[in-house]
Amino acid sequence: MEKVIIEWSEPLNLFKPGTYNTEGKFIEHLRKAIYKNKNPILDQTGIFMFLSGEIKPKERLSIVIIEGTADHSIKEHITRKKGHIREFKCLYKNYKNEELYLKVGKLKNIEETPDSIKTTVCALIEYTSPSCVQPCKNQKVDLIIQNTGNYTPLKEIYPQEEE
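Note that the structure is a prediction, hence the values are computed from the model and not measured.

What counts, and where the lines are drawn
- Residues numbered from 1 in each chain as written.
- Predicted model: local features only at pLDDT ≥ 70, side-chain atom pairs only at ≥ 80, totals over all residues.
- Heavy atoms only, no water.
- Helix = DSSP H or I, 4+ residues; strand = E, 2+ residues; numbered from the N terminus.
- Rg over C-alpha atoms; globule rule 2.2 N^0.38 Å.
- Areas by Shrake-Rupley, 256 points an atom, 1.4 Å probe, with all protein chains shown as cover.
- Disulfide = S-S within 2.5 Å.

Draft legend 1. How the structure looks around the overall build of the protein chain. Looking only at helices and strands, the protein chain features four helices and seven strands. In the protein chain, the succession of α and β elements from N to C terminus is β-β-α-β-β-α-α-β-α-β-β. On C-alpha atoms alone, the protein chain measures out to a radius of gyration of 15 Å, which is about the 15 Å that the 2.2 N^0.38 rule sets for 163 residues. When the backbone C-alpha atoms are referred to their principal axes, the protein chain occupies close to 45 × 35 × 30 Å. Summing over all exposed atoms, the protein chain offers an accessible surface of approximately 9,100 Å²; the carbon and sulfur share of this is 47%.

Draft legend 2. Representation of the state of the cysteines in the model. Within the structure shown, the criterion is met by two disulfides. Across the disulfide, Cys122 is cross-linked to Cys136 (sulfur-sulfur distance 2.0 Å). Disulfide Cys122-Cys136: the torsion about the S-S bond is -90 degrees, which places it as left-handed. You can see Cys122 sitting in helix α4 (residues 114-128) and its partner Cys136 sitting in the loop between α4 and β6 (143-149), a full 14 residues away along the chain. In the protein chain, numbering the disulfide-bonded cysteines from first to last in sequence yields the connectivity 1-3, 2-4.

Draft legend 3. Here's a closer look at the environment of Ile41. Within the secondary structure, Ile41 is located in the loop between α1 (23-36) and β3 (46-54). Taking the C-alpha atoms as reference, Ile41 lies 27 Å from Asn94; in sequence the two are 53 residues apart.

This is the structure in structure tokens:
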């Protein structure tokens, strides 16, 4: 099995989706918030996950969406996203009253190509079952993932050893 090492960023606090009275307004604001955010991590390629929950007093986050991009920056990928807004609608509908965060992961031991990003994202989705993402179709998960940096709520290594 191939091994991928992902280094995760600190969480980027976005906002609470429930402050918007329609999913359309929420999605428009989400795109605007990402577009205007000056954090240089959004100008990179890589894997990203939307999380909901809280960081203080104790970190309690759940994984809502996992995606990746090798062709465009994460900022471009989110702000130009067409058609795939089903995930954003799910986020709005199910996590209105929770704080929204974004974490970015960089592949450390392999090149970030469209194929390596897709394979890694599909493996992460398979291992973590984020609530607003469908499993990848026709994708065999044969990958060991080691998470470093601020990877919570992910586990350090996937797949987990059977106990």
